[in-house]
Amino acid sequence: MFDKVLVANRGEIAARIVAVLRARGIRSVAVYSEADADAPHVRGADEAMCVGPPPVAQSYLDQGAILEAATRTGAQAVHPGYGLLSENAGFARRCAGAGLTFVGPSPEAIDAMGDKAQARATAAAHGVPVVPGSDGPIEDADAASLAEHLGYPVLVKAAGGGGGIGMQVVPRPEKLAKAVASCRDRGRSSFGNDAIYLEKYIERPRHIEVQILFDHHGHGVHLFERECTLQRRHQKVIEEAPSPFVARTPGLRAGLTEAALSAARAIGYRNAGTVEFIVDPTGRFYFIEMNTRLQVEHPVTEAITGVDLIGWQLDIAAGAALSLRQEDLRVSGHAIECRICAEDPDLKFIPRPGPVGRFEPPTLPGVRVDAGIAAHQQVTPYYDSLVAKLIAHGADRAAATERARAGLDAFVIETLVTNRAFVRGVLDAPDFIAADFDTGWLERFAKGR
Ligand code: ADP
């Protein structure tokens, strides 16, 4: 096992990784920008190094500065968290070149799934159902006939896309050319890749994903599914495990988990990963992408399985064999995660950086809070607006919901404007209680308030 690991991230996930390292007796090195000198991930780490000014391009994405911090502090491995450099195959290669272990899959696996058009083709070639769509990237001239063939509405997607960026629903033929052009522009400016592809737009779907874990010896397991249907602008807000829809649809879990394991095996995957699907109202499911990293919502899986995912990421990266066996894994109860963001639900959810006064996460049974800020700090405008995740675990969905409600109510967050009351409102909505929703539900709920 490693003696010292550098955490190449910030916010709640970096603080969490630092805590896991501490619990395992591994020394941690935090990196931080000038805006984060006093952040929880820095306070909790054994050592910390400033890697540049606030903008991510000059700090958390500065590969040279991060690699230098790792070498200077004598770290043996780099945990990239999620976002930032976590799905950057070039960075994974540079880590290896500098003699550092990248805690994640191989650069080849990152590349194989990083281009979403290529990932679709790989999945389809291995028998994993994909959304009907184009075979790989398309030319402008072919878009109209392809869309006609698929049938409207269609979705134009950027091959390099992520985080819900670079995706457009096209309801009618007249709107296609403009969507294609703007999707290309968006892909070029946000991801440096103007390749686009088409998918049939599945109406009223649910987003259900499968967590997998593979070691370097070809042994892998799935850790059941998460339901992440409650999204705004294709960004998840409330996630849960297991999926209530899977629970009431015979055969769906077996189909999803088998498909996820096939997709992972197809690319010789190792470490933790997530295979994402959309599922139509009849229970038919389609692969949409694979995330070759830890997910924001991984704690709901940890809650229902008792498996420490970050711990396993470290063990696997260090070469250990995965001792978990599929037949030993069980779903225990139900877990719900609420993302608390510094944003204003009354102003179209615009980010609201600002000073934090009292900040006191609840200490209640079955409630875990992963926070990226602390009392009397500042939420700055430079980063993602996620400030904390509240994860509630109970014997069943109703009990987990009740604990999430109690946790949100008891959470003291002063001065900062957040979406907490909005999320709390969702937990009381009859459709939420009945688990009767699709990926457009949260947007409709937000508008109808
Ligand atoms: P990103 O990489 O930007 O997160 P994804 O391909 O994972 O994009 O899609 C994000 C979300 O968009 C999904 O969770 C789902 O809500 C919606 N979505 C994606 N593809 C389709 C589709 N073909 N039909 C309907 N909704 C879709």
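Residues numbered from 1 in each chain as written. Predicted model: local features only at pLDDT ≥ 70, side-chain atom pairs only at ≥ 80, totals over all residues. Heavy atoms only, no water.

Moving on: the pattern of salt bridges. It is possible for side chains of opposite charge to pair when their charged atoms get near one another. Counting across every chain of the model gives 41 salt bridges. Two residues, Glu199 and Arg120, come together in a salt bridge whose shortest N-O distance is 3.3 Å. Residue Glu199 is located in strand E8 (residues 196–200), and its partner Arg120 is located in helix H6 (residues 116–125); the two are separated by 79 residues in the primary sequence. You can call Glu199 buried: its relative accessible area is 1%. A salt bridge links Glu199 to Lys157, with the nearest nitrogen and oxygen atoms 3.0 Å apart. Of the two residues, Glu199 sits in strand E8 while Lys157 sits in strand E6 (residues 154–162), which places them 42 residues apart along the sequence. The same class applies to Glu199 and to Lys157, which are both buried. Linked through salt bridges whose partners overlap, the residues forming this network are Glu209, Arg226, Lys236, Glu239, Glu276, Glu297 and Arg339. (Salt bridge = Lys/Arg side-chain N within 4 Å of Asp/Glu carboxyl O. Helix = DSSP H or I, 4+ residues; strand = E, 2+ residues; numbered from the N terminus. Buried < 20%, exposed > 50% of the residue type's maximum accessible area, 1.4 Å probe, protein only.)

Right, let's get into the site of the ligand. Taken together, 22 residues form the shell around the ligand, and within it Gly164, Ile202, His207, Gln231 and Glu289 come nearest. Contacts to the ligand include Lys116, whose side-chain N or O atom sits 2.9 Å from an oxygen atom. Note that an oxygen atom of the ligand is positioned 2.8 Å from one of the side-chain N or O atoms of Gln231. Relative to its free-state accessible area of 550 Å², the ligand is covered by the protein chains to the extent of 96%. With 4 residues, E6 is the largest single contributor of residues to the shell around the ligand. Of the residues belonging to the shell around the ligand, the class tally is 8 nonpolar, 8 polar and 6 charged. Inspection of the shell around the ligand shows a minimum of three residues originating in each of domain 2 (132–200) and domain 3 (206–447). (Near = heavy atom within 4 Å. Polar contact = N/O pair within 3.5 Å; in protein donor to acceptor, adjacent residues only side chain to side chain. Areas by Shrake-Rupley, 256 points an atom, 1.4 Å probe, with all protein chains shown as cover. Nonpolar A, V, L, I, M, F, W, Y, C, P; charged D, E, K, R; others polar. Domains from an automatic or database assignment.)

A sheet is described by the order of its strands in space; here 5 strands give the open sequence E3-E2-E1-E4-E5, paired in parallel fashion. Unpaired on one side and paired on the other, strand E3 (47–52) and strand E5 (101–102) mark the two borders of the sheet. Pairing of strand E1 (residues 4–7) with strand E2 (residues 27–33) involves 4 bridges; the strand directions are parallel. Paired with Val5 across the bridge in E2 is Ser28. Seen against the sheet, helix H3 (residues 63–73) touches E1, E2, E3 and strand E4 (77–79) and runs at an angle of roughly 155° to E3. (Pairing = 2+ DSSP bridges. Contact = heavy atoms within 4.5 Å. Axes fitted to C-alpha atoms, helices over the stretch in contact; angles between N-to-C directions.)

Here we come to the domain arrangement of the protein. Domain annotation for the protein reports domain 1 (4–103), domain 2 (132–200) and domain 3 (206–447). Between the C-alpha centres of domain 2 and domain 3 the distance comes to 28 Å. With 6 residues of domain 2 in contact, the opposing surface of domain 3 contributes 5 residues. At the junction of domain 2 with domain 3, the criterion picks out 0 salt bridges.

What follows covers the state of the cysteines. For the coordinates displayed, the defined rule picks out 0 disulfides. Cys50 takes part in no disulfide bond, and the closest cysteine sulfur to it belongs to Cys95, at a distance of 19 Å. By relative accessible area, which is 37% here, Cys50 ends up partly exposed. With no disulfide of its own, Cys338 lies closest to Cys341 among cysteine sulfurs, the gap being 11 Å. Note on Cys338: relative accessible area 0%, which makes it buried. (Disulfide = S-S within 2.5 Å.)

Turning our attention to the sheet that holds strand E13 (residues 285–291). In a beta sheet, neighbouring strands are held together by backbone hydrogen bonds and run either parallel or antiparallel to one another. Strand order in the open sheet made by the 8 strands is E13-E12-E9-E10-E11-E14-E21-E19, with antiparallel pairing throughout. At either end of the open sheet lies a strand with only one pairing partner, and these are E13 and strand E19 (367–371). Taken over all neighbouring pairs, the strand axes of this sheet differ in orientation by 25° on average, direction set aside. Where strand E12 (residues 271–279) lies against E13, 6 bridges are found, and the strand directions are antiparallel. Of the residues in E13, the one forming a bridge with Thr274 is Asn291. Against the sheet, helix H1 (residues 11–23) makes contact with E19 and strand E21 (386–394), and its axis sits at roughly 110° relative to E19, the strand it touches most. Those strands touched by helix H10 (residues 252–266) are strand E9 (206–214), strand E10 (220–232), E12 and E13, and its axis lies near 50° from that of E9.

This brings us to helix H8 (residues 176–191). The end-to-end C-alpha separation of H8 is 21 Å, in line with the 22 Å expected for 16 residues at 1.5 Å each. Listing the buried residues of H8 in full gives Leu176, Ala179, Val180, Cys183, Arg184 and Gly187. On an axial view of H8, the arc spanned by its buried residues comes to 135°, and they lie on one face. Turned more than 90 degrees off the buried face of H8, the exposed positions are Ala177, Lys178 and Ser189. Buried residues in H8 make contact with helix H7 (140–150), E6, strand E7 (165–170) and E8. (Expected span 1.5 Å × (residues − 1). Arc of directions from axis to C-beta.)

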